[in-house]
Amino acid sequence: MENKIYRKYPFWCLAGPLLGFLAIQGAVRFAIQFAIELPYALQAYAGIMRDASAGGAVSMEEIMEAYLQAMEPALLLISAHRVEIAAAASLATVILTGILFARDRKLEKKAGVILPEKARAGRYWMLAVFGFAGSLAATCLMTMMQAAFYDSLYQQTSAETYSSPFVIQIICLGFVIPLAEEFMFRGVLYKRYRERQNFWYSAIGSSILFSLMHVSMTQMFYTFLLGLMLAYVYEKFGSFCAPLALHIFVNMGSVIFTETGLFLLLIRDPLVLAGAAIGGAFICSVMFVLIQRTGQKIVY
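### What about the overall build of the protein chain?
A count of helical and extended segments in the protein chain gives 11 helices and zero strands. When its helices and strands are written in sequence order, the protein chain yields α-α-α-α-α-α-α-α-α-α-α. Counting only C-alpha atoms, the protein chain reaches 80 × 55 × 30 Å along its principal axes. Looking at the protein chain residue by residue over its 300 residues, the buried ones come to 45%. The contacts in the protein chain between residues at least 6 apart in sequence include a share of 83% that link residues at least 24 apart. Here the protein chain displays about 16,100 Å² of accessible surface, and carbon together with sulfur accounts for 70% of that area. In the protein chain, 23 positive and 19 negative side-chain charges are present, and the distance between their average locations comes to 21 Å.

Put into structure tokens, the structure is as follows:
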């Protein structure tokens, strides 16, 4: 149910944290990429100056060509460390969102908001099964969609994401990025929506913002649906730990299934791929029914 906490500036209580989140991420990404590119840029500049001091006329076209050639290794390095850069940018936002999350919980306590009863820890196994089965079903479905509607941006992003070492993927994709995203989109934005709005308005609003953080249409569609489920388990389990755990399980499943070669094995046979998608979806539906029967009753 809604918290009934009224803020003086309801628009900025949502837009402010999101803008701060994006600004921090952008600044950290820029700083890391600038640090990588700077030595190569200086090398290109030194080469241009040597050519100029040798008495040869250097045209603008030659300058640009020399610069692009010098920067190519830097761009390849940035692409190779896409996951680490994303994780560093995400981790930098946790200070902001962690403070906002803690302040909001204190505000709820001060306002006398009756908090829901938290689900028992023994119920979290359902989230683990749902997360791993969901990652299997979703990836199989997205692979089938790629066969019908080729999304080059999704293909490029996936190739760069899963090119990092397995341990790096586990740490960055499995823990750091889910933690940062859950603090922002469920811990702050969703909960602030719920201060005045019903479940569906809050879940859809926060999920749209969550999906817009991803670059390709395939990812946006997938993360929108994931956002709805994350908001749902937050309500049912009465704890921020629930969406965080589910997000971690989903990401971990994708990393493990990719690195073990399961997805490559499945895509060899379209029927097997379809069967895995249907099987994963069936397991998710069973877990959803069990989750629905546990925890708090949601007022829609």
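The rest of the description comes next.
### Here's the deal with the layout of surface pockets
By volume, the largest pocket amounts to about 1,200 Å³. Thr157, Ser158, Thr161, Tyr162 and Gln219 are, among the 37 residues lining the largest pocket, the residues nearest its centre. Secondary-structure elements contributing two or more residues to the lining of the largest pocket are helix H1 (10-53), helix H3 (82-111), helix H4 (125-148), helix H5 (152-161), helix H6 (166-193), helix H8 (217-237), helix H9 (241-259) and helix H10 (262-266). Classifying every residue of the lining of the largest pocket by side-chain character gives 18 nonpolar, 16 polar and three charged.

### Points about the environment of Val113
Of note, Val113 is situated in the loop between H3 and H4. Residue classification places Val113 among the buried residues on the basis of a relative accessible area of 16%.

### Regarding the environment of Ala138
Among the structural elements, Ala138 can be located in helix H4. Once the C-alpha coordinates of Ala138 and Gly280 are considered, the two residues, 142 residues apart in sequence, prove to be 8.2 Å apart.

### Things to note about the nonpolar core
Ranked by size, the top nonpolar core spans 54 residues in total, and within it Leu127, Val233, Phe237 and Ile291 carry the most contacts. For this core, the secondary-structure elements that each account for two or more residues are H1, H3, H4, H6, helix H7 (199-211), H8, H9 and helix H11 (270-292). The greatest single-element share of this core, amounting to 13 residues, is contributed by H6. Sequence-distant contacts of Phe237, defined by excluding residues within four places in its chain, comprise Glu117, Lys118, Ala119, Arg123, Tyr124, Met126, Leu127, Ala242, Ile291 and Thr294. Grouped together as the second largest cluster of nonpolar side chains are eight residues, Leu136, Phe257, Leu266 and Leu273 included.

### What to know about the pattern of salt bridges
Opposite charge on two side chains permits them to pair, given that their charged atoms come into close proximity. The final tally for this structure, using the stated rule, is seven salt bridges. Salt-bridge contacts for Arg105 lead to Glu108; the nearest nitrogen and oxygen are separated by 3.1 Å. Taken as a pair, Arg105 and Glu108 lie in helix H3 at a separation of three residues, close to a single helical turn. Its salt-bridge partner being Arg186, residue Glu182 comes within 2.7 Å of it at the nearest N-O pair.

### A few points about the packing of aromatic side chains
Tallied over the full model, the rule gives 18 aromatic pairs. When the centroid spacing of 6.0 Å and the interplanar angle of 35° are considered together, the rings of Tyr190 and Tyr234 count as tilted. Here the residue Tyr190 occupies a position in helix H6, and Tyr234 occupies one in helix H8, the gap between them amounting to 44 residues. Its relative accessible area of 7% is what places Tyr234 among the buried residues. An aromatic cluster is defined as three or more aromatic residues linked by ring pairs; in this entry it consists of Phe101, Phe183, Tyr190, Phe199, Trp200, Tyr232, Tyr234, Phe240 and Phe288.

### Section: the environment of Thr161
With respect to the secondary-structure elements, Thr161 resides in helix H5. Residue contacts for Thr161: discarding those within four places in its chain leaves Arg82, Val83, Gln169 and Leu173.

### A short note on the side chain of Ser164
On the secondary structure map, Ser164 appears in the loop between H5 and H6. For Ser164, the side chain forms a polar contact with the side chain of Glu84, separated by 3.5 Å. Once residues within four sequence positions are removed from consideration, Ser164 is found in contact with Ala80, Val83, Glu84 and Gln169.

Thresholds applied
Residues numbered from 1 in each chain as written. Predicted model: local features only at pLDDT ≥ 70, side-chain atom pairs only at ≥ 80, totals over all residues. Heavy atoms only, no water. Helix = DSSP H or I, 4+ residues; strand = E, 2+ residues; numbered from the N terminus. Buried < 20%, exposed > 50% of the residue type's maximum accessible area, 1.4 Å probe, protein only. Contact = heavy atoms within 4.5 Å. Areas by Shrake-Rupley, 256 points an atom, 1.4 Å probe, with all protein chains shown as cover. Lys, Arg positive; Asp, Glu negative; His and termini not counted. Charge placed at Lys NZ, Arg CZ, Asp CG, Glu CD. 1 Å grid on protein atoms, 1.4 Å probe; cavity = no way out; pocket = protein on both sides within 12 Å on 5 of 7 lines; lining within 4 Å. Points joined across faces, edges and corners; volume = space filled by probe spheres on them. Nonpolar A, V, L, I, M, F, W, Y, C, P; charged D, E, K, R; others polar. Core = buried A, V, L, I, M, F, W, Y, C linked by side-chain atoms within 4.5 Å. Salt bridge = Lys/Arg side-chain N within 4 Å of Asp/Glu carboxyl O. Phe/Tyr/Trp six-rings, centres within 6.5 Å; stacked < 30°, edge-to-face > 60°. Polar contact = N/O pair within 3.5 Å; in protein donor to acceptor, adjacent residues only side chain to side chain.

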